[in-house]
Number of protein chains: 2
Amino acid sequence: MTSSPASMPDDFTAAPPTFADVAAAAARLHGLAVRTPLLESPALNERVGGRVLLKAETLQRTGSFKFRGAYNRIVQIPDAARPAGVVTYSSGNHAQGVAAAAAILGLPAAIVMPADAPAIKLANTRAYGAEVIPYDRNAESREALAEEIAERRGATIVRPYDDAGIIAGQGTCGLEIAEQAAAQGAKLDALLVCCGGGGLTAGCALAMAERSPGTAVYAVEPAAFDDTRRSLEQGERVSNAVGARSFCDALLTPEPGAMTFALNRRLVAGGLAVSDAEVAEAMAFAFRTLKLVVEPGGAVALAAVLANRLEVRGKTTAVLLSGGNVDPQTYAEIIADGTA
Amino acid sequence: MTSSPASMPDDFTAAPPTFADVAAAAARLHGLAVRTPLLESPALNERVGGRVLLKAETLQRTGSFKFRGAYNRIVQIPDAARPAGVVTYSSGNHAQGVAAAAAILGLPAAIVMPADAPAIKLANTRAYGAEVIPYDRNAESREALAEEIAERRGATIVRPYDDAGIIAGQGTCGLEIAEQAAAQGAKLDALLVCCGGGGLTAGCALAMAERSPGTAVYAVEPAAFDDTRRSLEQGERVSNAVGARSFCDALLTPEPGAMTFALNRRLVAGGLAVSDAEVAEAMAFAFRTLKLVVEPGGAVALAAVLANRLEVRGKTTAVLLSGGNVDPQTYAEIIADGTA
């Protein structure tokens with residue numbers, strides 16, 4: 001039995017991605033995603049006593065890595081399904097990534113966002129031409145609302161992480177890290193990735209397994225949202241405590257994704273957790289010394305290095321800075337005293 | 001008549017540098033100065049309707065381009081003169097560049113700094129191991145004080161810009177811009193350089209004249225300190241008004257240097273001036289959209305592009321971001337409202 005791709009636009013995302021999918025994503029993103037630099041800071045190297053290479057996805061289109069996965073997913077939507085557009089749910093970086101990718105491809109995009117989301121995030125998402133659909137986060141389910149819109153319009157849902165196209169797209173970031181490290185003569189002992197639902201971690205782990213198999217990949221999370229760390233230890237998906245809090249707004253997922261965890265369980269060396277105070281200190285260090293604007297969720301991997309959560313002395317460690325979308329008031333408070 | 005180099009350590013800096021000096025400086029700095037990236041932001045390109053390439057010297061060792069010139073100057077001090085060390089005067093980026101370069105080379109460094117300089121700048125300079133010599137800016141001349149120290153100790157004065165070794169070192173930044181633009185397939189129509197005493201401008205202009213002769217180089221200054229712009233127009237060095245004010249603390253020089261102006265008069269297309277309000281807006285844009293921390297004096301060239309001071313639509317323009325050393329309080333105020 002065969003069916004036309006147009007009638008089943010989501011099917012290709014049901015199987016977990018392989019390295020070939022990451023390589024294909026890199027070809028699709030060539031010239032569209034920014035090939036962000038792999039930076040080195042003598043001051044950081046001296047501070048930790050090792051070589052640290054910083055992948056600055058803060059400098060990516062839309063200010064985070066999310067454009068990579070969103071574009072790679074949306075560009076594969078069959079022609080017949082394109083006019084109905086895409087729908088997603090997000091209060092932050094994924095919303096902007098989807099909105100920007102849909103705009104480039106000429107698809108309408110609807111983003112379900114909390115009615116009380118920060119004005120700046122609502123404005124940024126609308127600025128990319130997306131339709132923002134507000135919902136009451138105390139009374140409605142954003143997933144159900146997105147499903148209902150997708151059903152009614154025939155729109156394709158672009159999930160934030162548990163999707164093969166998304167994971168492969170985020171993996172292009174890891175592929176670049178492997179290529180850039182090799183070009184700089186660096187043999188990476190470890191790669192530390194900021195982890196929410198695990199899509200970026202899984203994609204990067206796929207790339208490293210193929211291109212830099214001696215590199216241990218770690219998922220770094222806020223201490224109150226260390227579901228991936230505990231899930232890796234226990235060998236099954238476990239959730240975060242209800243009511244858990246962290247100011248790392250980009251990483252507040254309830255539990256690992258099914259597809260991302262299946263990959264991470266196989267490919268990732270382990271999980272690391274950092275406190276909000278350690279994240280704030282990392283953001284202040286990035287301001288003072290690196291001169292890079294990093295948002296809380298984008299700074300957890302750097303925080304793990306600065307807080308000695310992993311032995312990096314005498315080693316070469318890649319650290320992913322995953323995003324820089326932070327509002328000025330929050331940022332001002334953090335750089336003033338380095339605390340959350 | 002010949003004399004030993006050791007007895008006349010300063011002589012080689014009396015003649016203006018050539019491109020060969022820039023190339024020699026690049027060889028000396030290889031592996032020591034950061035080869036900072038030439039970045040491209042789709043959002044910035046869209047905003048100005050042209051291609052803009054950003055040379056991020058904010059990511060240089062010590063947070064500004066000043067390390068390049070300082071190291072290139074100090075490494076050429078003859079062995080016999082090294083134990084007596086170096087002395088300079090600066091309240092900011094040059095102080096840190098000299099302190100860091102002297103530390104690497106194992107020379108003692110004395111920096112004459114205002115007693116009421118910001119605590120963070122005094123602390124940073126001391127952190128690189130330099131001796132800070134405070135002076136009363138209302139009662140003493142910093143140049144006279146530095147000369148007196150140099151005389152008494154036999155130390156070598158490392159001037160901030162009017163010195164062939166300094167200019168050649170700063171020129172390595174321009175050399176990298178030419179090389180990186182070519183590698184990215186970009187033919188530069190113009191290069192905009194942040195300009196104080198004119199050392200960075202002169203060095204970059206030397207590099208571009210040799211490696212990218214079709215590129216027009218512009219010196220960009222704060223409107224109240226547009227001495228280079230007016231000097232280029234009038235064909236002779238003119239000074240800024242006494243009592244002129246700007247928050248671009250890195251660019252507050254009284255008039256162009258003699259050596260830098262002789263070069264810039266020959267090599268530079270012209271000068272551009274921006275208001276402090278335009279600089280503040282550029283810093284806020286760099287925070288919001290580029291995710292780069294840029295100090296006031298480091299943002300004037302970006303401000304010139306954003307304020308349409310030069311036609312960049314449909315063209316390819318390189319913009320130098322020369323430094324990122326700004327204190328958190330000042331930065332917080334500027335990103336909050338985008339005004340000085």
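Note that the structure is a prediction, hence the values are computed from the model and not measured.

*Asks:* Please clarify how the overall build of chain A should be interpreted in this entry.
*Replies:* Helix and strand content of chain A: 13 helices and 10 strands. By the compact-globule yardstick of 20 Å for 340 residues, chain A fits well, its C-alpha radius of gyration being 19 Å. Dimensions of chain A, computed from C-alpha atoms along their principal axes, come out at roughly 55 × 45 × 40 Å. Burial analysis of chain A (340 residues in total) assigns 60% to the buried set. Once local pairs closer than 6 in sequence are excluded, the contacts in chain A between residues at least 24 apart make up 74%. Accessible area of chain A: about 12,700 Å², with a carbon and sulfur share of 50%. Computed over 30 positive and 36 negative side-chain charges, the separation of the two mean positions in chain A equals 5 Å.

*Asks:* Looking at this structure, I do not really get the pattern of salt bridges. What am I missing?
*Replies:* Opposite charge on two side chains lets them pair, provided their charged atoms get close. All names here are of chain A. Under the criterion given, the structure shown has 38 salt bridges over all chains. Taking the shortest distance from any N to any O, the salt bridge between E281 and R288 comes out at 3.3 Å. Residue classification places E281 among the partly exposed positions, given a relative accessible area of 27%. Owing to a relative accessible area of 37%, R288 belongs among the partly exposed residues under this scheme. Each of the salt bridges in this network shares a partner with another, and the network as a whole consists of K55, E57, R68 and E176.

*Asks:* Whenever I open this one, the pairing of strand β5 (residues 131-135) of chain B confuses me. Can you help?
*Replies:* Residues and elements named next belong to chain B. Bridging between strand β4 (residues 109-114) and β5 involves 5 bridges; their strand directions are parallel. Among the inter-strand pairings, P114 is bridged to a residue of β5, identified as Y135. Once you follow β4 into helix α5 (residues 119-127) and on to β5, the crossover reads as right-handed.

*Asks:* Is there a simple way to explain the interface of chain A and chain B in this structure?
*Replies:* How large an interface is tends to be reported as the accessible area lost when its parts come together. Every contact between the two is made by 24 residues of chain A and, on the other side, 24 residues of chain B. Overall, the association of chain A and chain B removes approximately 1,900 Å² of surface from exposure, summing both partners, and the carbon and sulfur fraction of that is 72%. In terms of surface lost to chain B, no three residues of chain A exceed F287, K291 and V293 of chain A, which account for 31% of the buried area on that side. For the salt bridge of E46 of chain B with R61 of chain A, the shortest nitrogen-to-oxygen distance reads 3.9 Å. On inspection of chain A and its partner chain B, the count reaches 6 residue pairs in polar contact (both at pLDDT 80 or more). Counting only elements with at least two residues in the side of chain A that touches chain B, the list comes to β1 (38-40), α2 (42-48), α11 (276-290) and α13 (328-337) of chain A. A per-element tally of the side of chain A that touches chain B places α13 of chain A first, with 5 residues. Considered class by class, the residues forming the side of chain A that touches chain B number 15 nonpolar, 4 polar and 5 charged.

*Asks:* What is the right way to read unusual backbone geometry from this model?
*Replies:* As a rule of thumb, non-glycine residues mostly have phi less than zero, and peptide bonds are mostly trans rather than cis. Positive phi outside glycine occurs at N308 of chain A, with the angle close to 55 degrees. Residues other than glycine seldom take positive phi values, yet T62 of chain B does so here, at roughly 70 degrees.

*Asks:* Quick question: what am I supposed to make of helix α7 (residues 164-183) of chain A here?
*Replies:* It helps to recall that an α-helix has 3.6 residues per turn; residues three or four apart then point in one direction. Residue and element names in this part refer to chain A. Between its first and last C-alpha atoms α7 spans 28 Å; for 20 residues at 1.5 Å apiece the expected length is 28 Å, and the two agree. In this structure D163 caps α7, since a side-chain oxygen of it lies 2.7 Å from the backbone nitrogen of G165. G185 lies just past α7 and shows a positive phi near 75 degrees.

*Asks:* Where do I start with the sheet that holds strand β8 (residues 216-222) of chain B in this structure?
*Replies:* Strand-to-strand pairing in sheets goes through backbone hydrogen bonds, with the strands running parallel or antiparallel. Residue and element names in this part refer to chain B. One open sheet holds the 6 strands; their spatial order is β1-β2-β10-β7-β8-β9, and the pairing between them is mixed. Across the chains shown, the open sheet's two edge strands, defined by having one partner strand only, are β1 (38-40) and β9 (270-274). Neighbouring strand axes in the sheet, compared pairwise and without regard to direction, differ in orientation by 30 degrees on average. Judged from the 6 bridges that link them, strand β2 (residues 51-56) and strand β10 (residues 316-321) form a sheet pairing that is parallel. Each bridged residue has a counterpart across the sheet, and for V52 the counterpart in β10 is T317.

*Asks:* Please clarify how the sheet that holds strand β7 (residues 190-194) of chain A should be interpreted in this entry.
*Replies:* Residues and elements named next belong to chain A. A sheet is described by the order of its strands in space; here 6 strands give the open sequence β1-β2-β10-β7-β8-β9, paired in mixed fashion. Since the sheet does not close on itself, it has two edges, and those belong to β1 and β9 (270-274), each with one partner. Ignoring strand direction, the axes of neighbouring strands in this sheet form an average angle of 30 degrees. Bridging between β7 and strand β8 (residues 216-222) involves 5 bridges; their strand directions are parallel. When the bridges of β8 are listed, A190 appears paired with A216. The sheet contacts of helix α8 (residues 199-211) involve β7, β8 and β10 (316-321), and relative to β7 the element is tilted by about 160 degrees. In the packing of helix α9 (residues 227-234) onto the sheet, contacts are made with β8 and β9, and the angle to β9 comes to roughly 145 degrees.

*Asks:* What is the right way to read the side chain of T172 of chain B from this model?
*Replies:* All names here are of chain B. Relative to the elements of secondary structure, T172 occurs in helix α7 (residues 164-183). A relative accessible area of 2% means that T172 is categorised as buried. A polar side-chain atom of T172 sits 3.0 Å from a polar atom in the side chain of R68. When near neighbours in sequence (up to four residues on either side) are disregarded, T172 contacts V22, A25, A26, L29 and R68.

*Asks:* How do you make sense of helix α3 (residues 66-74) of chain B when you look at a structure like this?
*Replies:* Across the 9 residues that make up α3 of chain B, a large majority, 9, are buried. Among all positions in α3 of chain B, only K66, F67, R68, G69, A70, Y71, N72, R73 and I74 of chain B are buried.

*Asks:* Quick question: what am I supposed to make of the pairing of β10 of chain A here?
*Replies:* The side chains of a regular strand alternate between the sheet's two faces. Residues and elements named next belong to chain A. Counting buried residues along β10, 6 of its 6 residues qualify, which places the element largely inside the surrounding structure. In the sheet, β7 pairs with β10 via 3 bridges, with the strands oriented parallel. Each bridged residue has a counterpart across the sheet, and for L192 the counterpart in β10 is V319.

*Asks:* Sorry if this is basic, but what is going on with the relation of the copies chain A and chain B here?
*Replies:* Each of the two chain copies goes to the other by way of a rotation about an axis and a shift along it. When chain A is fitted to chain B, the residual RMSD is 0.0 Å, and the transformation amounts to a turn of 180 degrees plus an axial shift of 0.0 Å. Given the turn and translation reported, the copies of this chain are related as if by a two-fold rotation axis. Of the residues that chain A buries at the interface, 100% are likewise interface residues in chain B, meaning the two copies contact each other through the same surface.

*Asks:* Quick question: what am I supposed to make of the confidence of the model for chain A here?
*Replies:* Close reading of the predicted structure is inappropriate where its pLDDT is low. In the predicted model, chain A carries a mean pLDDT of 93, and 95% of its residues have values of at least 70. Our summary of model confidence lists the complex with pTM equal to 0.94 and ipTM equal to 0.93.

*Asks:* Can you walk me through the environment of R211 of chain A in this structure?
*Replies:* All names here are of chain A. Within the secondary structure, R211 is located in helix α8. Through-space distance from the C-alpha of R211 to that of P134 is 42 Å; in sequence the pair is 77 residues apart. Contacts of R211, omitting those with residues within four sequence positions, involve F19, L175, A178 and E179.

The rules behind these values
Residues numbered from 1 in each chain as written. Chains lettered and ligands numbered in written order. Predicted model: local features only at pLDDT ≥ 70, side-chain atom pairs only at ≥ 80, totals over all residues. Heavy atoms only, no water. Helix = DSSP H or I, 4+ residues; strand = E, 2+ residues; numbered from the N terminus. Rg over C-alpha atoms; globule rule 2.2 N^0.38 Å. Buried < 20%, exposed > 50% of the residue type's maximum accessible area, 1.4 Å probe, protein only. Contact = heavy atoms within 4.5 Å. Areas by Shrake-Rupley, 256 points an atom, 1.4 Å probe, with all protein chains shown as cover. Lys, Arg positive; Asp, Glu negative; His and termini not counted. Charge placed at Lys NZ, Arg CZ, Asp CG, Glu CD. Salt bridge = Lys/Arg side-chain N within 4 Å of Asp/Glu carboxyl O. Pairing = 2+ DSSP bridges. Right-handed = clockwise from strand over helix to strand, strands pointing away. Buried area = accessible area lost by both parts, 1.4 Å probe. Polar contact = N/O pair within 3.5 Å; in protein donor to acceptor, adjacent residues only side chain to side chain. Nonpolar A, V, L, I, M, F, W, Y, C, P; charged D, E, K, R; others polar. Expected span 1.5 Å × (residues − 1). Axes fitted to C-alpha atoms, helices over the stretch in contact; angles between N-to-C directions. Least-squares fit on C-alpha atoms with pLDDT ≥ 70 in both. pLDDT = per-residue confidence, 0-100.

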